[in-house]
Amino acid sequence: MLTLSVGLTQYMVLSAILFGIGLFGVLSKKNAIAVLICIELMLNAVNINLLAFNKFVTPTQFIGQIFAIFVITVAAAEVGVGLAIIIAIYRNKLSVNLDEFDWLKW
Amino acid sequence: MLSPWGAVFIFLAVGIVFGAGGIATSFLVHPRRQYASKYEPYECGMETIGPTWVQFKTSYFLYALLFVIFDVETIYLYPWAVKFQSLGLFAFIEMLVFIFILVVGLWYAWKEGALEWM
Amino acid sequence: MNVDLSLLNPEIAISILGLAVLVLGLIIPKESRHGLGWLTALGLLGVLGLTISGWNNQGTLYHGMFIVDQYAIFFKITFLTAAFLVTLGSMRFVDDMGDQSEYYSMMLFATLGMMVLASAGDFITLYLGLELMTIAFIVLVCFKRLDGKSVEAGMKYVLLAGMSSAVLLYGLSLIYGVTGSVTISEVGRAVAVTPVPALILGLVMLVAGLGFKISAVPFHMWAPDIYEGAPTPVTSYLAVGSKAASFAILLRVFVAALPGIWANWTMLVAVLSAITIIVGNLVAIPQTNIKRLLAYSSIAQAGYILVGLVTASEQGIKGVMFYAFLYVFATIGAFTVATYFYNVTGSDEIKDYAGLSQRSPLMAVVMLICMLSMAGIPPLAGFVGKFYLFKTIVDNYLWLAFIGLIMSMVSVYYYLRVALVMYRDEPLDNSPINLSTPVAVTLIIAMVATLFIGIYPGPLSQVINMAAHSFFMH
């Protein structure tokens, strides 16, 4: 029987890596949908963190799990709004490439 | 004897070899002849006309959005349903308020024509 | 479980109002929808009255998740006043734009988000309030969905706000992991015992996330673009409301809960504040678009408010609250002029303001007074506000006070440049601008409040003293 000892550290490393990938993607990707996906990666990293802390730090309470549920909900709302805006801008510009959005200077 | 993490490492290594191996083998053995139709998106299909980013129907998106709203709603209903007996009347009323707000949203979407296939 | 729901009255009232406006927009015919603006304005006035009447009704709900103290109530009054003035001043703009019910209900939900944020006693409430406010603002920013600029601004806002809230959340999750609690007061107690590196990282991420919302300088890049692209009334509400709400929660988290850690951070805040003041004011000088000018000036104003956070004493908090309150009138006055001017002429360029004093004396004088108040010229409100803020730091951070003073003079230069265009230059188009009644009322309220607070700050100052005192009670 194979037993893995997965502790808090492993979860935190996983979540830190996921967060890093997401942040890198947000800063480097050119496609708006890809940026939105990377933001989701960052939020999922947060969820892993919250659940891991809930299990290892406060095992008798469910604060972290409740927090994670709210994060999931709000993330869904945010993505809904984000995609709607991407559709609107696609109709205006026929592109979702962030480099081409230059009506406003950065 | 392997440590428990060793098994994970082997699994990871086999996974990488399996994926990378296929690509590498095909790269090594495939014939190199270049001609025009090789560069088309679908080698044996029709030639594409116009930009490949065509507009898709937004109706799909609207349905997906409505689905997500009511999908996420379930997360809140589930714990409440499990503990329904002990939470009592107050939580029941709170849940009715919650669902009422969502129904207002659904009604709005309906009235604005989001549920019609245009 | 004993829950005193009367503490939640303003929040409940405003959510009902928001839903009612949304539903009424579906029921009533298109031609009579301009009445929704009046309904919203009157409803906001009612909620404002309800909030003020609950001044002495303090307490906490749900085991400290929701704090109703005079500090929170004061900020709620600030948001509701701002929302009322923006609604009153922008009715014609919204009627031209269409979709009144969606616009006003989003406005109300954004206000609800700010009110929840001001009362947040734990991280979950904080996050929900922040996101409710942000998502409503995202929808509002890209409200002119056929105008490329507006949609582009909305796109930038949704991506950057999403990233900043992800960073903030990661910080919150780390703080939760270290302290084992999400209630702000319990976190404060736990932190006093165990300061560890992960906690510092979490706090840095929290500051970065909130710094984005207040557009403090390293995180300010989004502000001018989004302020320019958004519909003008939305810009004014974004500049006032979302900033004041973020300051409210910044104070709540750092000053009330983490005084021990904050003491080591004062230098950082002082530097942040100095950079924000300098960059905001200097970049404002070459701007030719009135909305961009006001955007950079609002970055500079955020820098001034940050000064109050340096000492984090009761005096500093008082300065922040005072400044946030008077900033409402100055900013909304200036932006309402810009909104109405855009409605009439279709332009946001400063050069088109030539001869405004002849075309509409009231608009020109309100713009002038609001700008001078932001620059801090006595006897206007901005001077008193800056006085309260800088009084707290002259002992230990004299250099910061000097920077604030010099940069205030710089700001007088670019504000007066607008005044010069309005008063000296000959108008290209001599036709007078007729103000509609609600706009005129908004402008007069903004002007009178700015003058009154400046000349006679006593009563407001006493109210804020009470509110700042209630902040330290628990």
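Given the structure is predicted, the values throughout are model-derived calculations rather than measurements.

Trainee: Please set out the overall build of chain A residue by residue, giving values where relevant.
Mentor: The helix and strand inventory of chain A stands at 3 helices and 0 strands. Helices and strands appear in chain A in the N-to-C order α-α-α. In chain A, once contacts between residues fewer than 6 apart in sequence are set aside, the share between residues at least 24 apart is 50%.

Trainee: Explain the overall build of chain C residue by residue, including any values.
Mentor: Along its length, chain C carries 20 helices and 2 strands. On the principal axes, the C-alpha backbone points of chain C span a range of 70 × 55 × 40 Å. Per-residue burial for chain C yields a buried fraction of 62% across its 474 residues. Within chain C, contacts between residues at least 6 apart in sequence are counted, and of these 80% link residues at least 24 apart.

Trainee: Kindly report on the interface of chain A and chain C, identifying the contributing residues and their values.
Mentor: Where the parts come together, the accessible area they lose is often given as the size of the interface. Contact residues are listed per partner, giving 35 residues for chain A and 32 residues for chain C. Among the elements of the structure, α1 (8-28), α2 (32-56) and α3 (63-93) of chain A are those that each provide at least two residues to the side of chain A that touches chain C. Here the side of chain A that touches chain C takes 17 residues from α3 of chain A, the largest share from any one element. Considering only residue class, the side of chain A that touches chain C consists of 28 nonpolar, 5 polar and 2 charged.

Trainee: Any chance you could break down helix α7 (residues 148-179) of chain C for me, citing the residues and the numbers?
Mentor: All names here are of chain C. For α7, with 32 residues, the first-to-last C-alpha span of 46 Å sits near the 46 Å given by 1.5 Å per residue. The buried fraction of α7 amounts to 30 of the 32 residues, a majority that puts the element mostly inside the structure. Directly beyond the C-terminal end of α7, a positive phi value near 75° is found at G180.

Trainee: Talk me through the environment of V344 of chain C; I want residue IDs and the actual numbers.
Mentor: Inspection of the secondary structure assignment puts V344 of chain C in helix α14 (residues 314-345). Residues V344 of chain C and I464 of chain C, 120 residues apart in the sequence, show an inter-C-alpha distance of 39 Å.

Trainee: So what's going on with the environment of P224 of chain C? Residues and values would help.
Mentor: Residue and element names in this part refer to chain C. You can see P224 is positioned in helix α10 (residues 222-229). Judged by C-beta crowding, with 26 C-beta atoms within 10 Å, P224 ranks as buried. Linking P224 and T235, residues 11 residues apart in sequence, is a C-alpha distance of 10.0 Å. Not counting residues up to four positions away in its chain, the partners in contact with P224 are R292, A295 and Y296.

Trainee: Residues and numbers for the interface of chain B and chain C, please.
Mentor: Taken residue by residue, the interface counts 4 residues in chain B and 4 residues in chain C. A per-class count over the side of chain B that touches chain C returns 3 nonpolar, no polar and 1 charged.

Trainee: Go over α10 of chain C with me, naming the residues and quoting the values.
Mentor: Across the 8 residues that make up α10 of chain C, a large majority, 7, are buried. Within α10 of chain C, the full set of buried residues consists of A223, P224, D225, I226, Y227, E228 and G229 of chain C.

Trainee: Could you give an account of the confidence of the model for chain C, with specific residues and numbers?
Mentor: Residues and elements named next belong to chain C. When the pLDDT values of chain C are averaged, the result is 85; 97% of them are 70 or greater. By mean pLDDT, the top-scoring element of chain C is helix α6 (residues 123-141) (92), and the lowest-scoring one is helix α8 (residues 184-193) (77). Two summary scores accompany this predicted model of the complex, namely pTM at 0.88 and ipTM at 0.90.

Trainee: For the packing of helix α3 (residues 70-89) of chain C against helix α19 (residues 437-455) of chain C, give the residues involved together with the corresponding values.
Mentor: Residues and elements named next belong to chain C. Here α3 crosses α19 at 145°, and the two axes come no closer than 7 Å. Along its contact with α3, which presents L85, L88 and G89, the element α19 presents P438, V439, V441, T442, I445 and A446. Partitioned by chemical class, the residues of the contact of α3 with α19 number 7 nonpolar, 2 polar and no charged.

Trainee: So, unusual backbone geometry: which residues are in play, and what are the values?
Mentor: In this structure, S215 of chain C takes a positive phi of about 50° despite not being glycine. Take S215 of chain C: there are 28 C-beta atoms within 10 Å of it, and that puts it in the buried class.

Trainee: Account for the packing of α2 of chain A against α7 of chain C, with residues named and values stated.
Mentor: Direction vectors running N to C along α2 of chain A and α7 of chain C enclose 15°, while the axes themselves pass 9 Å from each other. In terms of axis orientation, α2 of chain A runs roughly parallel to α7 of chain C. In this structure, α2 of chain A meets α7 of chain C at a crossing whose hand is left-handed. Residues A32, V35, I39, M42, L43, A45, V46, N49, L50 and F53 of chain A of α2 of chain A pack against M155, L159, G162, M163, A166, L169, Y170, S173, Y176 and G177 of chain C of α7 of chain C. For the contact of α2 of chain A with α7 of chain C, the residue count by class is 16 nonpolar, 4 polar and no charged.

Trainee: So what's going on with the environment of M155 of chain C? Which residues, and what values?
Mentor: Along the chain, M155 of chain C turns up in helix α7. For M155 of chain C, a count of 25 C-beta atoms within 10 Å corresponds to the buried category.

The rules behind the values
- Residues numbered from 1 in each chain as written.
- Chains lettered and ligands numbered in written order.
- Predicted model: local features only at pLDDT ≥ 70, side-chain atom pairs only at ≥ 80, totals over all residues.
- Helix = DSSP H or I, 4+ residues; strand = E, 2+ residues; numbered from the N terminus.
- Contact = placed C-beta atoms within 7 Å.
- Buried ≥ 20, exposed ≤ 12 C-beta atoms within 10 Å, placed from the backbone.
- Nonpolar A, V, L, I, M, F, W, Y, C, P; charged D, E, K, R; others polar.
- Expected span 1.5 Å × (residues − 1).
- pLDDT = per-residue confidence, 0-100.
- Axes fitted to C-alpha atoms, helices over the stretch in contact; angles between N-to-C directions.
- Parallel < 35°, antiparallel > 145°, perpendicular 65-115°, else oblique.
- Left-handed = near helix turned anticlockwise from the far one by under 90°.

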